[in-house]
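# Structure assessment
Residues per chain are reported as follows:
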Amino acid sequence: MTNFTSEIFSLQRKGEFTSGWALIVLEVLVIVLAIVIDYMLLFAVGVLFVVATIIFYSREPVLSAIGFSVLSFCILWEQFVGELSVPVVDICLSFGVVLFIARAIAEGGYSFRWSSLTIAMFIFIVLIIVGLVLGFLYGRDSTLILLEGRNLLYYALFFVALAAIQRSGQISLLWWMMIIVGVVTVQYIGLLIAAGAFLRIPTYHADIFPLMIPLAIAALVYEKSAVVRIGCTVLLILYFLGLLISMARAEWVGTGVAVMVLFFFLIWDKKLTLGASLMIFVIVASLLFVAFFLDSGIFIRLSNVIPKSEIGSRASSIGSAFGDMSFLMRVELNYTAFVRFLHFPIFGAGLGDVVNYKILYIGSTWSLDTSHLQILWKMGVVGFMAYCWLLVAALKRSSYVFWNSTTQFGKWLGAGIFSGLCGLIVLATFSAAITKYNLNIIIAIVLAFIEYEATQIQNSLKKLIE
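Notes on the structure follow.

What counts as what
Along each chain, residue indices are assigned from 1 in the same order as the chain's sequence is written. Reporting in this predicted model follows two pLDDT cut-offs: at least 70 for local features of residues, and 80 or more for side-chain atom pairs to be given and counted; totals over whole chains, interfaces and linings ignore these cut-offs and use all residues. Derived side-chain values reflect all non-hydrogen atoms in the structure, with water molecules and hydrogen atoms excluded from consideration. Each helix is a run of H or I in the DSSP string that is no shorter than four residues. Each strand is a run of E no shorter than two, and both are numbered from the N terminus. Between buried and exposed lies partly exposed: a residue is buried under 20% and exposed over 50% of the maximum accessible area for its type, with that area taken using a 1.4 Å probe on protein chains only. Residues are treated as being in contact if the distance between any of their heavy atoms lies within 4.5 Å. Put simply, a nonpolar core is a bunch of buried Ala, Val, Leu, Ile, Met, Phe, Trp, Tyr and Cys residues held in one set by side-chain atoms that sit within 4.5 Å of each other. Every axis in this analysis is a line fitted to C-alpha atoms, fitted for helices over the stretch in contact. Angles between the N-to-C directions lie between 0 and 180 degrees. Orientation categories follow fixed angle ranges, with anything under 35 degrees roughly parallel, anything over 145 roughly antiparallel, 65 to 115 roughly perpendicular, and all other angles oblique. Helix crossings are classified by the rotation of the near helix relative to the far one: an anticlockwise turn of less than a right angle makes the crossing left-handed, while a clockwise turn makes it right-handed. Side-chain classes follow a simple rule in which Ala, Val, Leu, Ile, Met, Phe, Trp, Tyr, Cys and Pro form the nonpolar group, Asp, Glu, Lys and Arg form the charged group, and the remainder, Gly included, forms the polar group. Between rings of Phe, Tyr and Trp, where Trp is taken as its six-membered ring, a pair exists when centres lie within 6.5 Å; planes separated by under 30 degrees are stacked, by over 60 edge-to-face, and by other angles tilted. Consider the ring centre and the ring normal. A charge sits over the ring if Lys NZ or Arg CZ is within 6 Å of that centre and within 35 degrees of that normal. One less than the residue count of a helix, multiplied by 1.5 Å, gives the span that helix is expected to have. In the analysis that follows, any N or O atom pair within 3.5 Å is treated as a polar contact, provided that within protein one partner can donate a hydrogen and the other can accept it, and provided that, for residues neighboring in sequence, both atoms belong to side chains. Criterion for a salt bridge: a side-chain nitrogen of Lys or Arg within 4 Å of a carboxyl oxygen of Asp or Glu.

## With respect to the overall build of the protein chain
Tallying secondary structure elements over the protein chain gives 19 helices and two strands in all. Going through the 466 residues of the protein chain one by one, you find that 53% of them count as buried. Considering only intrachain contacts with a sequence separation of at least 6, the fraction spanning at least 24 residues in the protein chain is 79%.

What follows is the structure in structure tokens.
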């Protein structure tokens with residue numbers, strides 16, 4: 001087996017197309033999935049064949065597969081495919097994982113530094129698998145079990161990304177991720193222009209902005225390159241516009257918390273200079289100007305900007321939650337889920353379990369609009385403790401990078417990710433951001449970057465001591 005996988009990667013490096021067995025395996029997978037999920041077979045196979053070929057012949061195929069997965073996540077059409085279908089992102093990830101495993105066998109495996117973050121992630125993934133098993137043992141719907149398990153097991157990508165980064169040291173993937181996330185807003189704007197009027201676009205893609213906005217602000221403040229600063233400014237404009245167009249209240253609150261936390265870092269590190277403050281102020285003020293005060297011109301003709309009454313009502317509803325039917329329906333589901341948890345307090349009710357509306361609506365759901373209670377309900381006290389440990393470990397690792405890094409990159413990476421995680425934790429109180437959507441892919445990769453940087457710092461400090 002070792003010789004076989006070694007041969008695959010030797011041939012992949014030489015570019016010999018006819019012996020790409022991994023590519024053949026992928027094509028069989030694509031054809032099967034194309035039939036199962038009712039795509040247009042020839043179109044799906046053709047497009048994914050091109051993507052697979054690019055991945056296979058790239059310098060770092062695992063990282064390329066991850067990059068295509070992130071791009072696939074940012075394409076809006078997957079929001080409307082249906083939650084029970086298998087998205088393109090899974091096909092790209094499957095290919096990347098196959099190559100990762102093959103390379104691990106060929107090269108004798110990978111080694112990880114067992115930090116608090118890697119241990120917490122490993123235990124959390126083990127308990128996810130326990131939740132999967134319990135779901136089947138309790139007789140839950142198998143389709144829902146596999147769907148929920150797939151979403152949560154995206155966190156295993158943390159180890160795949162960490163191993164790939166350690167091997168290649170290509171931190172540039174982080175920049176590509178930040179750029180790709182801007183694609184979400186470009187699509188939002190395209191939809192507004194096509195509609196000729198303002199439309200609220202409430203896709204789950206907006207959940208990524210509370211993580212990416214502080215990261216981009218931190219890069220803008222710390223990086224000295226004019227090109228990087230201009231790029232970060234453009235990204236921030238796109239991120240804020242996307243956040244505004246989504247009209248998502250939880251994302252607004254989460255982003256606000258993230259930015260405030262980041263400002264504490266910048267003030268403490270004496271990096272919140274007048275110039276940086278003015279630049280951030282100009283970006284935000286420009287967006288507010290467009291949103292509230294522009295009464296004529298091309299923006300009105302294309303999208304009617306954002307009606308004051310609509311954005312005002314969305315914002316004011318944050319302070320009058322108990323008059324909001326959507327909020328009350330979530331409260332009802334949360335209460336019902338908590339009662340379910342009391343019946344399965346140790347390891348939870350298992351993945352695939354559902355709760356029913358009883359008062360305000362008729363129906364059932366397997367996912368709550370709060371990731372924290374979702375974990376408690378499905379994975380019990382044991383799973384919830386592992387989940388909290390993972391979040392705390394991620395925050396501690398980010399803080400460690402910020403305080404111990406001697407590079408500008410390490411500073412903005414640590415401060416940005418710490419702040420973004422704070423925003424995500426707040427967002428996850430009102431959203432399934434951490435447990436349901438493909439956003440888990442980006443979270444796992446970001447955590448891999450912070451773990452890699454922390455390991456590099458530890459290695460450097462160890463050399464200094466020696």
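## Observations regarding the nonpolar core
Generally speaking, nonpolar side chains in soluble globular proteins are found buried as a group. With 113 residues, the main nonpolar core has F209 and I442 as its most contacted residues. Here this core takes 14 residues from helix 19 (residues 439–465), the largest share from any one element. Sequence-distant contacts of I442, that is, excluding residues within four places in its chain, are made with V70, F73, M177, V181, I208, L211 and M212. One finds L333, V355, L368 and L373 within the second-largest nonpolar core, a separate group that totals nine residues.

## Quick notes on the packing of helix 9 (residues 172–195) against helix 19
One way to put it is that helix 9 packs onto helix 19 with a least axis distance of 11 Å and a crossing angle of 150 degrees. When the interaxial angle is binned, helix 9 and helix 19 end up roughly antiparallel. Viewed along their axes, helix 9 and helix 19 form a crossing whose handedness is left-handed. The segment helix 9 lies against helix 19, with L173, L174, M177 and V181 engaging I442, I445, V446 and F449. Considered class by class, the residues forming the contact of helix 9 with helix 19 number eight nonpolar, no polar and no charged.

## Description of the environment of L146
In this structure, L146 sits in helix 7 (residues 142–153). Residue L146 is classed as exposed on the basis of its relative accessible area of 53%.

## Re the packing of aromatic side chains
In this structure the tally under the stated criterion is 15 aromatic pairs. When the ring of W114 is compared with that of F122, the centres are 5.9 Å apart and the planes differ by 80 degrees; the resulting orientation is edge-to-face. Taking relative accessible area as the criterion, W114 reaches 51% and is therefore assigned exposed. Plain terms: the ring middles of F265 and W403 are 6.4 Å apart, the flat faces sit at 35 degrees to each other, and that makes the pair tilted. Of this pair, F265 sits in helix 12 (residues 249–268) while W403 sits in helix 17 (residues 371–404), and the two are 138 residues apart along the sequence. When its relative accessible area of 9% is taken as the criterion, F265 is described as buried. Here the basic side chain of K378 rests over the ring of W377, its NZ or CZ set 4.3 Å away from the ring centre. Above the face of the Y400 ring, R397 is positioned so that its terminal group lies 5.7 Å from the ring centre.

## Points about the environment of G254
Take G254: it is sitting in helix 12. Each C-alpha atom of the pair G254 and G420 lies 8.6 Å from the other, and the pair is 166 residues apart in sequence. Those residues in contact with G254, other than ones at most four positions away along the chain, are P210, G423 and V426.

## A few points about helix 7
With 12 residues, helix 7 extends 16 Å between its outermost C-alpha atoms, agreeing within 8% with the 16 Å of an ideal straight helix rising 1.5 Å per residue. Three or more residues of helix 7 are buried, namely L144, I145, L147, E148, G149, N151 and L152. Of the surrounding secondary structure, the elements contacted by the buried residues of helix 7 are helix 6 (116–137), helix 17 and helix 19. Its side-chain oxygen at 2.9 Å from the backbone nitrogen of T143, D141 defines the N-terminal cap of helix 7.

## Quick word on the pattern of salt bridges
Scanning the model with the defined rule gives four salt bridges in all. Of the charged contacts, one joins K378 and E148 as a salt bridge, the two residues approaching to 2.6 Å between their closest N and O atoms. With K378 in helix 17 and E148 in helix 7, this pair connects stretches of sequence that are 230 residues apart. Between R397 and E451 there is a salt bridge, with the nearest N and O atoms lying 2.8 Å from each other. Of this pair, R397 sits in helix 17 while E451 is found in helix 19, placing the two residues 54 residues apart along the sequence. In this structure, R397 and E451 share a single accessibility class: buried. Sharing partners across several salt bridges, the network here consists of R140, R340 and D353.

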